[in-house]
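Chain by chain, the residues run as shown.
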Amino acid sequence: MWHVSQRYMECVRNDVLRKRGGLLKLHCLRELMVAVRLEIGTRMRTIASFAAVLSIAVSAYANQCRTIKFNPAPRIFNRPAWNASGDHLLLVDVVAGEIESYSLSGDRERSIIRPGQDLLDFSRPNAIVSTPSGYVIMDGGSRFVLLNQALAPTRAFSIGGDPPLAWDAAPFNWAPTEGGLVAYGDLRAPNAPWKTGLFRVSWGDPLKFEFLKEMPGGAAREPYLLESDYMVRAGQRAYLLAFEPSYGVFEVDGRRLRLLQGLPPGFGRLPPLPESHGRSSMAILYAALARTKSVSGLLVAGDRLYVLLRDVAGGRRRWLLAEYDPLQQKTVAILNLPTSSEHVEVAAGNKWLAIVEKGKFLADERFAPGNVILVPVTALNALHAAGGSVESPKELCAR
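What you are looking at is a predicted structure, and each value in this text was computed from that prediction instead of being measured. Numbering of residues starts from 1 in each chain and follows the order in which that chain's sequence is written. This being a predicted model, a pLDDT of at least 70 is required before a residue's local features are given, and a value of 80 or more before pairs of side-chain atoms are given or counted; all residues contribute to the totals for chains, interfaces and linings. As a convention, hydrogens and water are excluded, and side-chain values are obtained from all of the structure's heavy atoms.

As for unusual backbone geometry
Stage number 1. In the segment running from Asn71 into Pro72, the intervening peptide bond is cis, with an omega of 0 degrees.
Stage number 2. Structurally, the position occupied by Pro72 is in the loop between strand E1 (66–68) and strand E2 (81–82).
Stage number 3. At Gln329, a position not held by glycine, the phi torsion is positive, near 50 degrees.
Stage number 4. A run of DSSP states H or I qualifies as a helix once it reaches four residues; a run of E qualifies as a strand once it reaches two. Both are numbered from the N-terminal end. By secondary structure assignment, the location of Gln329 is in the loop between strand E20 (316–325) and strand E21 (330–336).
Stage number 5. With phi around 60 degrees, Glu365 is a residue other than glycine that occupies positive phi space.

Printed below as a string of structure tokens:
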């Protein structure tokens, strides 16, 4: 404010020279107030401009994608999930038989393993899915363990019965619901043959089973066995991907079931895979899958449903995320993911979207480790219903 006081002193000196003593005080004070207002206005504009630039810089930093690596890298995993606070990524290491918790730096901070004899213990976990109250893990082929948010087991249920007098189920893809789960897989009623399709299981003693819809079996089941996210839950509804000839998603709402269409065209063909011969053919199956243009999974971020697409053309592979509106039965945005990895798992939390790269399936029965790309959920939300196309998708991360 130095030049303001200087202006006041000049006013006083000039008025003294002009012998305006009676009006001196009032006249120069007016001059002083004008100068102060001008100075304050200038400084406030400078502060506001600085604040705006700072806000833009902070916003840009918050919306930046970043890349980390798992340390140590898990061998085989699927369906990673975020914890409730959104700052740790959980996944099941199928080989080690434990749940791994990784921080945002990529370091493993905790391992949960319970290979004991208690009814709530688990020794063969292969998937973990978050719920509003905690998590559900699949242990082996037909056992499910419910965990609280501290990852402590609270209840366990086995849906594999003893034939011929009990229900028996083998789910390939599943999603937890209030009081049970909805699954796609094989189901057998007492004294009845196996059927492949959609079914519901309600927890309790005894368990309750309900077959909802028969679907193709045989070779048509292979993608559901190799890819783990064809069934998800959004709010009170569950969604299951259906390949051609019924390309779309089945929506399960209570006892109601309907097929929704309007997914991106050209991705609905059942992946043509070689014949499976068990574990010995896993590398061949995954290699063929990596070269196939098809839907790779479903994803829920917030309450929005997304479709993960693997696009392969001219020897080039890219990954797209299509936002799908079930009410309109319409694809409302197509986003380009910053990866060309052979295989990808995507997990959405309340702060971050994790794009987990998985390389080739190797001879020693593990995936070659890749990067983990963390995308702020704010960046995903900013592209809600943003349009785009397969030919010209919107960029999720700035290049």
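Overview of the sheet that holds E21
Stage number 1. Spatially, the five strands line up as an open sheet ordered E18-E19-E20-E21-E25, and their pairing is mixed. The open sheet has two edge strands with one neighbour each: strand E18 (294–301) and strand E25 (394–395). Pairing between strands is defined by DSSP: at least two bridges between them are needed.

Regarding the side chain of Asp168
Stage number 1. As for its placement among the helices and strands, Asp168 is situated in strand E10 (residues 168–177).
Stage number 2. Any N or O atom pair separated by 3.5 Å or less is treated as a polar contact, with the protein-specific requirement of one donor-capable and one acceptor-capable atom, and with residues adjacent in sequence counted only for side-chain atom pairs. In this structure the side chain of Asp168 is engaged in a polar contact, spanning 3.2 Å, whose partner is the backbone nitrogen of Gly161.
Stage number 3. Excluding residues that lie within four positions of it along the chain, Asp168 makes contacts with Ile159, Gly160, Gly161, Pro163, Asp186, Leu187, Arg188 and Trp194. Throughout, a contact is declared for two residues whenever any of their heavy atoms are within 4.5 Å.

As for the layout of surface pockets
Stage number 1. A pocket, in this scheme, is an open set of points on a 1 Å grid over the protein atoms alone with protein on both sides within 12 Å along at least 5 of 7 lines, while a cavity is a set where a 1.4 Å probe fits but cannot get out; residues line either one if an atom lies within 4 Å of a point. Grid points are joined across faces, edges and corners, and a volume is the space filled by probe spheres set on the points. Estimated volume of the largest pocket: approximately 1,000 Å³.
Stage number 2. Lining the largest pocket we find 36 residues, and of these Asn78, Asn126, Leu225, Met282 and Tyr286 sit closest to its centre.
Stage number 3. Mapped onto the lining of the largest pocket, the elements with two or more residues apiece are strand E6 (125–131), E10, helix H3 (222–226), helix H4 (282–290), strand E22 (343–348) and strand E23 (352–361).
Stage number 4. Throughout, the ten residues Ala, Val, Leu, Ile, Met, Phe, Trp, Tyr, Cys and Pro are labelled nonpolar, Asp, Glu, Lys and Arg are labelled charged, and all others, Gly among them, are labelled polar. Taken together, the residues of the lining of the largest pocket sort by class into 19 nonpolar, nine polar and eight charged.
Stage number 5. Volume-wise, the second largest pocket comes out at about 810 Å³.
Stage number 6. If you trace the second largest pocket, you find 33 residues lining it, with Ser130, Thr131, Arg233, Val300 and Ala348 closest to the centre.
Stage number 7. Contributing elements (two or more residues each) for the lining of the second largest pocket: E2, E6, strand E7 (134–139), E10, strand E14 (231–234), E18 and E22.
Stage number 8. When the residues that make up the lining of the second largest pocket are grouped by side-chain class, the tally is 20 nonpolar, nine polar and four charged.

Details of H4
Structural remark: α-helix, 3.6 residues per turn; residues separated by three or four positions point the same way.
Stage number 1. Turning to H4, its buried residues are Leu285, Tyr286, Ala288, Leu289 and Ala290.
Stage number 2. In this structure, the buried side of H4 is in contact with H3, strand E19 (304–313), E20, E22, E23 and strand E24 (367–376). Only protein chains enter the accessibility calculation, which uses a 1.4 Å probe; a residue whose area is less than 20% of its type maximum is buried, one above 50% is exposed, and one in between is partly exposed.

Looking at the pairing of strand E3 (residues 88–93)
Stage number 1. Among the six residues in E3, six count as buried, and that is most of the element.
Stage number 2. Burial along E3 is two-sided: His88, Leu90 and Val92 and Leu89, Leu91 and Asp93, pointing in opposite directions, are all buried.
Stage number 3. Taken together, the two bridges between E2 and E3 define a ladder with antiparallel strand orientation. In the strand pairing of E3, Ala81 is matched with Leu90.
Stage number 4. The hairpin turn running from E2 into E3, its antiparallel successor, is five residues long, and Gly86 in that turn takes a positive phi close to 75 degrees.
Stage number 5. Judged from the six bridges that link them, E3 and strand E4 (residues 98–103) form a sheet pairing that is antiparallel. Its bridge partner being in E4, Leu91 is matched across the sheet by Glu100.
Stage number 6. Hairpin connection, E3 to E4: the antiparallel pair is bridged by four residues, and Gly97 has positive phi, about 70 degrees.

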